[in-house]
Amino acid sequence: MVSRLLVLLLLVSTYLSGGIDDDLAKADRLSKKDPTTAFNIYKKAYHQSKKVKSKSGVYHSLYGIISTGRVLKKNVKQYRNSFSMLNLPEYKKYRVSGEKLVIEFDRNLGKKDFRSFPLKNNRFVIDIYGDFNHKTIRVNNKFVKQITLAKYKTALARIVLRSNNKRQYKVSVWKNKLIVETDGKNTLPQKKSNTKIIENKPNKQTLYKKKKKVKTKVIVLDAGHGGRDSGAVGYGYKEKNVVLSISKRLEKELKSRGYKVYMTRKRDRYVRLKNRTSMANKKKADLFISIHANASPIRRTARGLEVYFLSPAKTARAKRAAAKENAYEMNEMGWKSQKMFLNFLNREKIITSNKLAIDLQRGMLDKLKKSYSDIRDGGVRKGPFWVLVGAQMPAALVEVGYMSNKKECLRLQNSHYQRLVAKGMADGIDRFFINSRRH
Ligand SMILES: [Zn+2]
């Protein structure tokens, strides 16, 4: 166990170029025995890594500063914020073609961002600077039997390839792809019986699927604001960027769950409110979800997640939130005509939108509360949001948090937090459709 740890430390240390690696390895070794010295080395390594733009160095040293800082009871808030701001490459998908395994990430990788080595029992390890949840993929071809992805301790995520026989692999990176190739040696012929079983299966499955087939649900996602309309602004960040990033994550998540997804905007551009819902109507969407971030100009402490559905506003809070989201286009249609429209709202649609809002809120809270202990439930509320007016399908507006609250604003920039919000919403959408099928 100890020797394996040393091997790992050595590997981590060879990660980076020059003195930074040595320093970090030294700090890792000292972190338990002498946290004060380790803390100072990490700090030095952090500034050097920033200077030479070594992402993995920044990640590793920040991790060290925070963990040793905790032991020493030092104030590392500033470092924690920087750490939460780091955008780690995130696992997307894998592909096996012939003797080649390609693992894709959501952003480009650096040549120094990974390290690979063989392990006993036909295993091969790739440690990579990146972020992904634990996942086991059974590939079962002659090249690789199983791929395991896991979060690894210091600054690293780990990919383990398991094969049927001892193999030599060659690993390289190209843009956002990690490419693993075998040198072809030691290859054993694949058992023939295996292929037979695989060939028999599809027929049965397609028959079964045809029977069970349900219409693919269409969802239109609306990232609020954009272009000349920034939305809420807080601590140097803009609502339009935060909500676009979350919407894109949600789009990806929903597509992976089999939904058809359209976006009212995919980049930073201005889209008129009425064009957002008319797109949803044109695409015959089953759901319309508008994503926003809140702000309170007076109360900096205001925070939490809220989900609104369209209904004449009842509370002052809902009216304020709606006024803020509507502000940019309010002169186009006055409050008076909007109020008139609201009086004609379909009661049934209000009820289903209310249900959708409840499922979205519950999905997000369930996901976030697992990682954050202080998530505030702002509740499901009625609101006269102009962007929801005119949607012919159940619709909801999500306020993912407050840009005016420093802690929440910084969290909203964090990729882990954004991912949880998106996954939570996707869970809520799943639940909504499951529940509505029962009626
Ligand atoms: Zn907004």
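Residues numbered from 1 in each chain as written. Predicted model: local features only at pLDDT ≥ 70, side-chain atom pairs only at ≥ 80, totals over all residues. Heavy atoms only, no water.

Asker: In this structure, what is going on with the overall build of the protein chain? I would like to understand it.
Answerer: From N to C terminus, the protein chain includes 13 helices and 17 strands. Counting across all 439 residues of the protein chain, residues that qualify as buried make up 49%. Residue pairs at least 24 apart in sequence account for 70% of intrachain contacts in the protein chain once pairs closer than 6 positions are excluded. Surface exposure of the protein chain reaches about 23,800 Å², of which carbon and sulfur atoms provide 53%. (Helix = DSSP H or I, 4+ residues; strand = E, 2+ residues; numbered from the N terminus. Buried < 20%, exposed > 50% of the residue type's maximum accessible area, 1.4 Å probe, protein only. Contact = heavy atoms within 4.5 Å. Areas by Shrake-Rupley, 256 points an atom, 1.4 Å probe, with all protein chains shown as cover.)

Asker: Explain the environment of Lys-177 here, please?
Answerer: Positionally, Lys-177 belongs in strand β9 (residues 177-182). Along the sequence, Lys-177 and Asp-106 sit 71 residues apart, while their C-alpha atoms lie 9.0 Å from each other. Sequence-distant contacts of Lys-177, defined by excluding residues within four places in its chain, comprise Arg-95, Val-102, Ile-103, Glu-104, Leu-109 and Ser-172. A distance of 3.4 Å separates polar atoms of two side chains, one belonging to Lys-177 and the other to Asn-176. (Polar contact = N/O pair within 3.5 Å; in protein donor to acceptor, adjacent residues only side chain to side chain.)

Asker: Would you explain the sheet that holds strand β14 (residues 287-294) in this entry?
Answerer: Picture the strands of a sheet paired through backbone hydrogen bonds; they go either parallel or antiparallel. Sheet architecture is open: six strands sit in the order β13-β10-β14-β17-β15-β16, paired in mixed fashion. Edge positions in the sheet fall to β13 (260-263) and β16 (377-383), since each has one partner strand and no second. The average angle at which neighbouring strand axes cross in this sheet is 20°, direction not considered. Here three bridges tie strand β15 (residues 305-310) to strand β17 (residues 395-402), and the two strands are oriented antiparallel to one another. By the bridge assignment for β17, Glu-306 is matched with Glu-399. Lying over the sheet, helix α12 (residues 406-413) contacts β14 and β17, oriented at roughly 115° with respect to β17. (Pairing = 2+ DSSP bridges. Axes fitted to C-alpha atoms, helices over the stretch in contact; angles between N-to-C directions.)

Asker: In this structure, what is going on with the packing of aromatic side chains? I would like to understand it.
Answerer: Given two aromatic rings, one states the distance between the centres and the angle between the planes to describe the pair. Enumeration according to the criterion identifies five aromatic pairs in this entry. Judged by centre distance (5.8 Å) and plane angle (35°), the ring pair of Tyr-259 and Phe-433 falls under tilted. Here Tyr-259, found in the loop between α7 (239-256) and β13, pairs with Phe-433, found in helix α13 (residues 415-438); they are 174 residues apart in sequence, far enough to count as distant. The exposure class assigned to Phe-433 is buried, which follows from its relative accessible area of 6%. Grouped by ring-pair contacts, the aromatic residues Tyr-259, Phe-432 and Phe-433 constitute a single cluster. Seen from the ring of Tyr-262, Lys-283 lies directly overhead, with NZ or CZ sitting 4.5 Å from the centre. (Phe/Tyr/Trp six-rings, centres within 6.5 Å; stacked < 30°, edge-to-face > 60°. Lys NZ or Arg CZ within 6 Å of the ring centre and 35° of its normal.)

Asker: Explanation requested: α7 in the structure shown.
Answerer: One full turn of an α-helix is made of 3.6 residues, so residues set three or four places apart face in the same direction. Between its first and last C-alpha, α7 extends 26 Å over 18 residues, near the 26 Å set by a 1.5 Å rise per residue. Burial in α7 covers these residues: Glu-239, Lys-240, Val-242, Val-243, Leu-244, Ile-246, Ser-247, Arg-249, Leu-250, Glu-251, Glu-253 and Leu-254. Once α7 ends, the next one or two residues include Gly-258, with phi positive near 95°. (Expected span 1.5 Å × (residues − 1).)

Asker: How should I be thinking about the sheet that holds strand β8 (residues 169-174) in this particular structure?
Answerer: Overall, antiparallel pairing links the four strands, which are arranged β1-β2-β9-β8 in an open sheet. Lying at the two open borders of the sheet, with one neighbouring strand each, are β1 (91-97) and β8. Neighbouring strand axes in the sheet, compared pairwise and without regard to direction, differ in orientation by 15° on average. Judged from the five bridges that link them, strand β2 (residues 100-105) and β9 form a sheet pairing that is antiparallel.

Asker: How should the pattern of salt bridges be read in this particular structure?
Answerer: Any two side chains of opposite charge can pair, on the condition that their charged atoms come close. Inspection of every chain in the model, using the stated rule, returns twelve salt bridges. Close ionic contact of Glu-251 with Lys-266 constitutes a salt bridge, the shortest N to O distance being 3.3 Å. Residue Glu-251 is found in helix α7, and its partner Lys-266 is found in the loop between β13 and α8 (273-282); the two are separated by 15 residues along the sequence. A relative accessible area of 10% means that Glu-251 is categorised as buried. One salt-bridge network, held together by shared partners, links Glu-253, Arg-257, Lys-367, Asp-427 and Asp-430. (Salt bridge = Lys/Arg side-chain N within 4 Å of Asp/Glu carboxyl O.)

Asker: How should I be thinking about unusual backbone geometry in this particular structure?
Answerer: Backbone phi values are negative for most residues with the exception of glycine, while trans is the configuration of most peptide bonds. Despite not being glycine, Lys-73 shows a phi value in the positive range, around 55°. Mapping Lys-73 onto the fold places it in the loop between α4 (55-71) and α5 (77-85). With a phi angle near 60°, His-225 is a residue other than glycine that sits in the positive phi range. The topology assignment puts His-225 in the loop between β10 (218-223) and β11 (233-234). His-225 gets classed as buried once you look at its relative accessible area, which sits at 6%.

Shape is all these values report; function is a separate question.
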